[in-house]
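Here is how the chains run, residue by residue.
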Amino acid sequence: MNSSLVGNQSGRPFCLLAISYLETINFCLLEVVIIVFLMVLIISGNIIVIFVFHCAPLLNHHTTSYFIQTMAYADLLVGVSCLVPSLSLLHYPIVLSESLVCQIFGYVVSVLKSVSMASLACISIDRYIAITKPLTYNTLVTPWRLRICILIIWLYSCLVFLPSFRWGKPGYHGDVFQWCASSWNTDPYFTLFIVVMLYAPAAFIVCFTYFNIFRICQQHTKEINERRVRFSSQDGEAGEAQPCPDKRYAMVLFRITSVFYILWLPYIIYFLLESSNVYSNRIASFLTTWLAISNSFCNCVIYSLSNSVFQKGLKRLSGAICASCARQRVAKDSSTSRSKRSSNGCHV
């Protein structure tokens, strides 16, 4: 990235967007508002998802719940890691050097988002196996194999981005740190390495599996409806079209995957353009990165709006919280009334 992106003249702090800087508060207001807002949404949303999975045992009946929870924990860590740029923008003292903090933060965020991307690919493979091989699914997909798969996802993501400490920027373009914008450049060969090892395989797997899932579900629905119409015509009753139950759950996962890639597409395009020295812009750098990071909150919203079992678990969680609050209020009121009665008895 060009050094012209660094705007630290006249003693002002480095502001990537170069707007909304106020002399009175001495920090980059717009960057702080965007990052802190996303951080609060991501942390609160994913904590709710994790608690709901613990409160709704039916959600754990699906093997995909392993990967959904993995994504929730990864997204939660993304929100927690956003504390680093927030504290930097607010001029809190950082013990480590800015270059090392920048590299570690970029590496951690890239690894966590890689875990989410790989988990989405594994979810699509899981659903594909469930539909194409329903009789042998339970023997092929077992809890211990899922745990091994999740461990491989974490190890693979850590290894793929490990060369970023020597080869260049790992695709993170937030650049709230001045050293990131001026001295940490993207390398076209490392970009190609990431695309070949992560982005392209994940996108291909998702497209292939969901295309075949919906094709098979459509075929199954057609066959079921034909049989229903045939038997209902013999009985003299009108048959109703019934959708494939697997397709309904696949649609929820497909929405999560679609939103993920829609939010990440501008980021990936900018990543490729900057690595090829075709286009470089600090505002586009910031916005595409944090638009992609905002996906860590969108997963919670999509799952809560699309999954009825999740909604029941959310109601159960909110009911438990309200009940505990009510019990605490009753206990507080009773203790207050007892203390008043005892004080009145002393005066008599």
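Residues numbered from 1 in each chain as written. Predicted model: local features only at pLDDT ≥ 70, side-chain atom pairs only at ≥ 80, totals over all residues. Heavy atoms only, no water.

(A) How the structure looks around the side chain of Ser116. Relative to the elements of secondary structure, Ser116 occurs in helix 4 (residues 98-132). Residue contacts for Ser116: discarding those within four places in its chain leaves Met71, Ala74, Asp75 and Phe260. (Helix = DSSP H or I, 4+ residues; strand = E, 2+ residues; numbered from the N terminus. Contact = heavy atoms within 4.5 Å.)

(B) Local environment of the pattern of salt bridges. All told, the structure shown has 2 salt bridges when counted by the stated rule. One salt bridge connects Asp75 with Lys113, and the closest N-O pair in it is separated by 3.3 Å. In this pair, Asp75 sits in helix 2 (residues 64-81) while Lys113 sits in helix 4, placing the two residues 38 residues apart along the sequence. Judged by relative accessible area, which is 2%, Lys113 ranks as buried. The partner of Arg127 in a salt bridge is Asp126, and the shortest N-O contact between them spans 3.0 Å. Comparing Arg127 with Asp126, the two get one shared label, buried. (Salt bridge = Lys/Arg side-chain N within 4 Å of Asp/Glu carboxyl O. Buried < 20%, exposed > 50% of the residue type's maximum accessible area, 1.4 Å probe, protein only.)

(C) Geometry of the environment of Thr70. In this fold, Thr70 is placed in helix 2. For the pair formed by Thr70 and Ser116, sequence separation is 46 residues and the distance between their alpha carbons is 7.7 Å. Apart from the residues lying within four places of it in its own chain, the contact partners of Thr70 are Val115, Ser119, Ile150 and Trp154.

(D) Local environment of the packing of helix 1 (residues 29-55) against helix 2. The contact between helix 1 and helix 2 brings their axes to 8 Å, and the two run at 150°. Of the possible angle classes, the one that applies to helix 1 and helix 2 is roughly antiparallel. Every pair of crossing elements has a handedness; the one defined by helix 1 and helix 2 is left-handed. Across the interface between the two elements, Met39, Ile42, Ile43, Asn46, Ile47, Val49, Ile50, Phe53 and His54 of helix 1 pack against Ser65, Ile68, Gln69, Ala72, Tyr73, Asp75, Leu76, Gly79 and Val80 of helix 2. (Axes fitted to C-alpha atoms, helices over the stretch in contact; angles between N-to-C directions. Parallel < 35°, antiparallel > 145°, perpendicular 65-115°, else oblique. Left-handed = near helix turned anticlockwise from the far one by under 90°.)

(E) A look at the environment of Ile213. Relative to the helices and strands, Ile213 is located in helix 9 (residues 188-235). Residues Ile213 and Tyr128, spaced 85 residues apart in sequence, show a C-alpha to C-alpha distance of 6.0 Å.

(F) Looking closely at helix 1. With 27 residues, helix 1 extends 39 Å between its outermost C-alpha atoms, agreeing within 8% with the 39 Å of an ideal straight helix rising 1.5 Å per residue. Within helix 1 the residues assigned to the buried category are Glu31, Val32, Ile35, Leu38, Met39, Ile42, Gly45, Asn46, Val49, Ile50, Val52 and Phe53. (Expected span 1.5 Å × (residues − 1).)

(G) Representation of the packing of aromatic side chains within the structure. Applying the stated criterion to the full structure yields 9 aromatic pairs. Arranged with centres 6.1 Å apart and planes meeting at 15°, the rings of Phe190 and Phe193 form a pair that is stacked. Placement of both Phe190 and Phe193 in helix 9 is noted, with a separation of 3 residues, approximately one turn of the helix. When the ring of Tyr210 is compared with that of Phe214, the centres are 6.2 Å apart and the planes differ by 25°; the resulting orientation is stacked. Here Tyr210 pairs with Phe214, and both are found in helix 9, just 4 residues apart, close to one helical turn. Here Tyr210 and Phe214 have matching classes, each one buried. Chaining the aromatic ring pairs together yields one cluster made of Tyr128, Phe204 and Phe208. (Phe/Tyr/Trp six-rings, centres within 6.5 Å; stacked < 30°, edge-to-face > 60°.)

(H) Looking closely at the UniProt feature "transmembrane region" (unreviewed entry) in the protein chain. As annotated in UniProt, the feature "transmembrane region" (unreviewed entry) corresponds to residues 32-59, 71-92, 104-125, 146-168, 188-213, 252-273 and 285-306 in the numbering used here. In the segment residues 146-168, helix accounts for 83% and strand for 0%; the C-alpha atoms at its two ends are 33 Å apart. As a span, residues 252-273 carries 100% helix and 0% strand, and end to end its C-alpha atoms are 32 Å apart. (UniProt positions renumbered as here; feature names shortened; annotations may be inferred.)

(I) Here's a closer look at the nonpolar core. Met117, Tyr199, Trp264 and Trp290 are the most contacted members of the largest nonpolar core, which has 64 residues in total. For this core, the elements supplying multiple residues, two or more each, are helix 1, helix 2, helix 4, helix 6 (143-160), helix 9, helix 10 (245-275), helix 11 (282-293) and helix 13 (308-347). (Core = buried A, V, L, I, M, F, W, Y, C linked by side-chain atoms within 4.5 Å.)

(J) Layout of the confidence of the model for the protein chain. The pLDDT averaged across the protein chain works out to 75; a share of 70% of its residues lies at or above 70. Every residue in residues 1-11 scores below 50 in pLDDT, and together they form 23 contacts with partners more than four places removed in sequence or on other chains. (pLDDT = per-residue confidence, 0-100.)

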